[in-house]
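Notes for the structure review
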Amino acid sequence: MVARGEIARFWSLESLHMVSSDGGTESAALVDDNGSEEDYSYEDLCQANPRYLQPGGEQLAINELIGDGSVVCAEALWDHVTMDDQELGFKAGDVIQVLEASNKDWWWGRNEDKEAWFPASFVRGYIRQCRKHTGMFTVAQLATIFGNIEDIYKFQRKFLKDLEKQYNKEEPHLSEIGSCFLQHQEGFAIYSEYCNNHPGACAELSNLMKQGRYRHFFEACRLLQQMIDIAIDGFLLTPVQKICKYPLQLAELLKYTTQEHSDYNNIKAAYEAMKNVACLINERKRRLESIDKIARWQVSIVGWEGLDILDRSSELIHSGELTKISKHGKSQQRTFFLFDHQLVSCKKDLLRRDVLYYRGRTDMDEVELVDLEDGRDKDWNLHVKNAFKLVSRTTDEVHLFCAKKHEDKARWLQACGDERRRVQEDREMGMEISENQKKLAMLNAQKAGHGKSKGYSGCPVAPPHQSLHPLHQRHVTVPTSIPQQQVFALAEPKRKPSLFWHTFNKLTPFKK
């Protein structure tokens with residue numbers, strides 16, 4: 001074990017951590033002036049000593065640290081199960097004191113009361129090997145394949161450390177871990193970026209794996225590190241599975257925790273918090289899948305003006321035909337598309353009914369919905385039926401709409417209410433689509449639509465009304481009997497068929 005007060009250097013992935021065994025920090029070459037605990041990359045060490053950049057630099061750095069009297073500890077990334085007395089067995093996350101590292105493949109170390117050999121490769125990962133082969137992987141490819149997995153690793157280390165502090169080893173039933181989840185609930189949001197990136201990572205890997213040299217490279221990495229027989233895409237799925245499991249595990253913990261337990265309320269709150277995290281990740285994933293189709297829809301509209309639809313919107317709420325009436329009694333038949341934050345108006349071509357022309361939009365954030373009774377409207381002195389108004393909150397502008405049937409009007413009123421609730425929920429959930437993702441969706445849509453004729457093959461049919469689920473219901477509880485490989489597929493909210501698909505299923509831009 002590490003003596004109290006000694007400086008211990010933790011070697012894992014691409015970071016060295018220097019902390020004293022009592023949890024404090026001491027001033028050292030790579031510790032900040034305030035003595036706070038930080039992660040230092042191998043590159044930081046290389047700046048201090050360029051010799052570490054040479055082949056075998058990592059091993060040289062570790063041996064010099066040991067030679068200087070420092071305590072070097074390796075954090076295990078994988079389980080090492082062995083029946084050999086000369087080998088050190090451990091589990092992922094265990095900390096092993098490195099006593100000697102002259103052999104590049106096997107190091108001599110101590111874990112609890114035993115000293116033995118252990119595989120040095122168990123503290124290394126795919127990313128490092130990929131970065132060494134610049135001729136095989138570009139920076140963009142690595143970003144696509146691995147996403148922010150290193151950020152997740154750093155977050156998980158901090159989370160695990162705090163979780164262990166809350167665990168009562170002597171009396172486990174008295175442990176209080178609920179507050180730890182609540183303290184870190186905002187940090188779990190980084191999983192959203194990884195989960196959204198995961199389909200792209202799988203696609204990039206699939207393309208690379210068509211070439212034999214990449215298949216051999218990744219398999220060589222796995223064998224070199226003596227990792228279990230799972231392909232790299234299986235390892236990359238682990239963070240996705242992990243974030244889906246937290247609500248299940250907390251639900252089980254809550255089930256067997258009495259209400260009199262001091263941690264009951266915190267566990268219950270943690271369970272709800274992690275359900276919301278999973279809900280947010282699923283919702284972002286669903287939105288990302290829809291923005292590509294929204295972008296292609298915009299490209300199909302003739303004469304589009306102003307900002308792209310994705311600048312403010314990411315979901316279609318409702319669509320259909322309405323008659324727009326002016327104060328002078330002039331009526332115009334228009335096709336309307338209600339997105340979050342805005343209502344878009346289009347006109348059908350007189351000859352080619354499969355062509356839509358852009359005619360304007362209304363900012364839903366700046367108007368108020370007013371339901372009208374059938375009869376004469378006293379403000380406009382017009383006889384109306386199945387009508388409603390959108391009245392500006394800041395100007396005297398008023399939009400009057402009439403539906404063909406009472407049922408159509410009811411759907412529009414419900415859709416406008418749904419749109420306001422969705423905007424509010426998005427604000428509460430922190431739902432945002434990055435600018436890069438919006439730009440990429442529009443760029444892909446423009447490339448796909450280049451050279452193609454505008455229009456669609458039929459009139460959009462008003463979809464049946466769909467009530468949106470409240471925020472706290474937008475999740476699914478996965479049975480514990482479901483294999484891990486199926487968790488992510490089942491973690492999607494079980495919504496009714498999307499309005500977007502139903503409304504635009506006849507549009508050419510959405511046909512494969």
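Residues numbered from 1 in each chain as written. Predicted model: local features only at pLDDT ≥ 70, side-chain atom pairs only at ≥ 80, totals over all residues. Heavy atoms only, no water.

Identification of the chain as Spermatosis associated 13 from Canis lupus familiaris is taken from an unreviewed UniProt entry.

This next bit is on the overall build of the chain. Assigned secondary structure in the chain consists of 14 helices and 16 strands. Classification of the 512 residues of the chain by burial places 46% in the buried group. For the chain, long-range pairs separated by at least 24 residues make up 59% of all intrachain contacts whose partners lie at least 6 apart in sequence. Accessible area for the chain stands at about 27400 Å²; split by element, carbon and sulfur atoms hold 51% of it. (Helix = DSSP H or I, 4+ residues; strand = E, 2+ residues; numbered from the N terminus. Buried < 20%, exposed > 50% of the residue type's maximum accessible area, 1.4 Å probe, protein only. Contact = heavy atoms within 4.5 Å. Areas by Shrake-Rupley, 256 points an atom, 1.4 Å probe, with all protein chains shown as cover.)

Bringing the packing of aromatic side chains into the picture now. Summed over the entire model, instances satisfying the criterion amount to 22 aromatic pairs. Geometrically, the ring pair formed by Trp 108 and Trp 117 is edge-to-face, given 5.2 Å between the ring centres and 80° between the ring planes. What makes Trp 117 partly exposed here is its relative accessible area of 31%. Centroid distance Phe 155 to Phe 188: 4.9 Å. Interplanar angle 80°. Geometry classified as edge-to-face. One end of the pair, Phe 155, is in helix H5 (residues 149-166); the other, Phe 188, is in the loop between helix H6 (178-184) and helix H7 (190-208), and 33 residues separate them in sequence. The same class applies to Phe 155 as to Phe 188, namely buried. Grouped by ring-pair contacts, the aromatic residues Phe 155, Phe 159, Phe 181, Phe 188, Tyr 191 and Tyr 246 constitute a single cluster. (Phe/Tyr/Trp six-rings, centres within 6.5 Å; stacked < 30°, edge-to-face > 60°.)

Confidence in the prediction for the chain averages 75 pLDDT; 72% of positions are at 70 or higher. This model gives residues 1-55 a pLDDT under 50, and the stretch forms 118 contacts once residues within four places in sequence are excluded. Scored below 50 in pLDDT, residues 456-512 makes 102 contacts in the model with residues more than four places away or belonging to other chains. (pLDDT = per-residue confidence, 0-100.)

What follows is about the side chain of Ser 192. Looking at the element boundaries, Ser 192 is found in helix H7. Contacts of Ser 192, omitting those with residues within four sequence positions, involve Ile 281 and Arg 284.

On a regular strand, each side chain points to the face opposite its neighbour's, so the side chains alternate between the two faces of the sheet. A large share of strand S15 (residues 387-392) lies buried, amounting to five of its six residues. Bridging between S15 and strand S16 (residues 398-402) involves five bridges; their strand directions are antiparallel. Residue pairing in the sheet places Leu 390 in a bridge with His 399 of S16. Where S15 folds back onto S16 in an antiparallel hairpin, the turn is made up of five residues. (Pairing = 2+ DSSP bridges.)

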